[in-house]
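Analysis of the macromolecular model
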Amino acid sequence: MSDFEPSIVVPLVAGIVALVGGLLLVRYRRSFFDETAKIQRGLVGRPTSRAFERLQSPFWIGVVGVGASGMGIVLIVACVVAFVRASAGG
């Protein structure tokens, strides 16, 4: 165990953050979309914002959340595998 590399910790933390952030995006996608649309209306005006909103939906925010969660899972699994290899001395 003396060969443990602390560089395993950084991707592990990033994986946990990506997993939790992705799950939160999936859970609160509707409110996230509503707040984003409200900010967008303030920046570009209501008529232009309506044109953009037709192309957007909370579904796509959920897709991004699922992707972030998937990346988090991949990072966590890779860190566990690296930790096991470092612990085994291989």
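Relevant structure appears above.
Residues numbered from 1 in each chain as written. Predicted model: local features only at pLDDT ≥ 70, side-chain atom pairs only at ≥ 80, totals over all residues. Heavy atoms only, no water.

**A closer look at the packing of aromatic side chains**
Aromatic ring pairs are reported here in terms of the distance separating the ring centres and the angle at which the planes meet. Enumeration according to the criterion identifies 1 aromatic pair in this entry. Seen in terms of ring centroids, Phe59 and Trp60 are 4.9 Å apart; in terms of plane orientation they differ by 75°. Their pairing is edge-to-face. Directly above the aromatic system of Tyr28 lies the positively charged group of Arg27, at a separation of 4.9 Å from the ring centroid. (Phe/Tyr/Trp six-rings, centres within 6.5 Å; stacked < 30°, edge-to-face > 60°. Lys NZ or Arg CZ within 6 Å of the ring centre and 35° of its normal.)

**A closer look at the environment of Tyr28**
Examined against the element boundaries, Tyr28 turns out to sit in the loop between α1 (9-27) and α2 (29-44). On the accessibility criterion, Tyr28 (43% relative accessible area) is partly exposed. Taking C-alpha positions, Tyr28 is 9.8 Å from Gly65, a pair spaced 37 residues apart along the chain. (Helix = DSSP H or I, 4+ residues; strand = E, 2+ residues; numbered from the N terminus. Buried < 20%, exposed > 50% of the residue type's maximum accessible area, 1.4 Å probe, protein only.)

**So, α2**
For α2, which comprises 16 residues, the first-to-last C-alpha distance of 22 Å matches the rise-based estimate of 22 Å (1.5 Å per residue) to within 8%. The set of residues buried in α2 consists of Phe33, Ala37 and Gln40. Along the long axis of α2, the arc covered by the buried residues comes to 65°, so they all point the same way. Exposed positions of α2 whose direction lies more than 90 degrees from the buried face are Ile39 and Gly42. Phi for Gly45, located one or two positions after α2, is positive at around 95°. (Expected span 1.5 Å × (residues − 1). Arc of directions from axis to C-beta.)

**Describing the packing of α2 against helix α3 (residues 46-55)**
Where α2 contacts α3, the axes come no closer than 7 Å and their chain directions differ by 135°. Here α3 runs oblique to α2, going by the angle between their axes. Handedness of the α2/α3 crossing: right-handed. Here α2 contributes Ala37, Gln40, Arg41 and Val44 to the contact with α3, which in turn contributes Arg46, Thr48, Ser49, Phe52 and Glu53. In terms of residue class, the contact of α2 with α3 is built from 3 nonpolar, 3 polar and 3 charged. (Axes fitted to C-alpha atoms, helices over the stretch in contact; angles between N-to-C directions. Parallel < 35°, antiparallel > 145°, perpendicular 65-115°, else oblique. Left-handed = near helix turned anticlockwise from the far one by under 90°. Contact = heavy atoms within 4.5 Å. Nonpolar A, V, L, I, M, F, W, Y, C, P; charged D, E, K, R; others polar.)

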